[in-house]
Amino acid sequence: DIQMTQSPSTLSASVGDRVTITCRASQSISSWLAWYQQKPGKAPKLLIYKASSLESGVPSRFSGSGSGTEFTLAISSLQPDDFATYYCQQYNTYSMTFGQGTKVEIK
Amino acid sequence: QLQLQESGPRLVKPSETLSLTCTVSGGSISSPNYYWGWIRQPPEKGLEWIGTISYSGTTYFNPSLKSRVTISVDTSTNQLSLNQSSVIAADTAVYFCARLNSEWFGGGRFDYWGQGTLVTVSS
């Protein structure tokens, strides 16, 4: 199985900050990576797919980059609605795996 | 607008079989560009992919669960189902069904999700 490791596990930030979350794969996954946002008691919401493609309806302050084994999710100017947990997911193989999550908290 | 809704027993006894159904509305489960999947999330933990199925019945499973899981699709009712046998307390989780937007055969991102249903394994 491909292991996905996110860092940091928790991130404290203020409204307006630029934040970045990293996801590393245990082997190359090309650009087959998605990012999700999840709020308590809710289903995950797709933000980014194929490493850098923005899902329809997602604000442009979200962006994704990377390929191979290292990927980044960036939020250019953190908004109150963005405090949530973020997960990466690789789909390079039939056996998909998620990262352990990064919680973005209010500083 | 596509909607997915999970249903099934909320409490299952250890060693028994967990059975859930996902009803898809606002779109056809038979669309060729999409697969359908189950994902679970234990309380206060991360997401775990369980398995994926195409409308024609091709399945892929998490290797750690493969021996206990079956997934099926019923195109006549626009539903997919999950059966997980021999459950233990560690199978307690919120179970989500989701649509997989296929970018290559069997792989892709989950773009629509059900709200999830908490299933507790306890005697």
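Relevant structure appears above.
Residues numbered from 1 in each chain as written. Chains lettered and ligands numbered in written order. Predicted model: local features only at pLDDT ≥ 70, side-chain atom pairs only at ≥ 80, totals over all residues. Heavy atoms only, no water.

Throughout the structure, instances matching the rule amount to 9 aromatic pairs over all chains. Ring centres of Tyr36 of chain A and Phe98 of chain A lie 6.1 Å apart, and the angle between their planes is 55 degrees; on these two criteria the pair is classed as tilted. Of this pair, Tyr36 of chain A sits in strand E4 (residues 33-38) while Phe98 of chain A sits in strand E10 (residues 97-98), placing them 62 residues apart in sequence. Here Tyr36 of chain A falls in the buried class, since its relative accessible area comes to 0%. Aromatic side chains Phe110 of chain B and Trp113 of chain B sit 5.8 Å apart centroid to centroid with 65 degrees between the ring planes, which places their arrangement in the edge-to-face category. Accessibility classification places Phe110 of chain B together with Trp113 of chain B in one group, the buried group. Grouped by ring-pair contacts, the aromatic residues Tyr36 and Phe98 of chain A together with Phe96, Phe110 and Trp113 of chain B constitute a single cluster. Above the plane of the ring of Tyr34 of chain B lies Arg99 of chain B, whose end atom (NZ or CZ) is 3.6 Å from the centre. (Phe/Tyr/Trp six-rings, centres within 6.5 Å; stacked < 30°, edge-to-face > 60°. Helix = DSSP H or I, 4+ residues; strand = E, 2+ residues; numbered from the N terminus. Buried < 20%, exposed > 50% of the residue type's maximum accessible area, 1.4 Å probe, protein only. Lys NZ or Arg CZ within 6 Å of the ring centre and 35° of its normal.)

Our next topic: the interface of chain B and chain A. Between chain B and chain A, the contact holds 23 residues from the first and 22 residues from the second. Approximately 1900 Å² of surface area, both sides summed, lies buried where chain B meets chain A, with 65% of it carried by carbon and sulfur atoms. There are 0 salt bridges connecting chain B and chain A. Our count for the contact surface shared by chain B and chain A stands at 6 residue pairs in polar contact (both at pLDDT 80 or more). Contributing elements (two or more residues each) for the side of chain B that touches chain A: strand E4 (34-41), strand E5 (48-54), strand E9 (93-104) and strand E10 (107-113) of chain B. Looking at the side of chain B that touches chain A element by element, the count peaks at 6 residues for E10 of chain B. Classifying every residue of the side of chain B that touches chain A gives 11 nonpolar, 7 polar and 5 charged. (Contact = heavy atoms within 4.5 Å. Buried area = accessible area lost by both parts, 1.4 Å probe. Salt bridge = Lys/Arg side-chain N within 4 Å of Asp/Glu carboxyl O. Polar contact = N/O pair within 3.5 Å; in protein donor to acceptor, adjacent residues only side chain to side chain. Nonpolar A, V, L, I, M, F, W, Y, C, P; charged D, E, K, R; others polar.)

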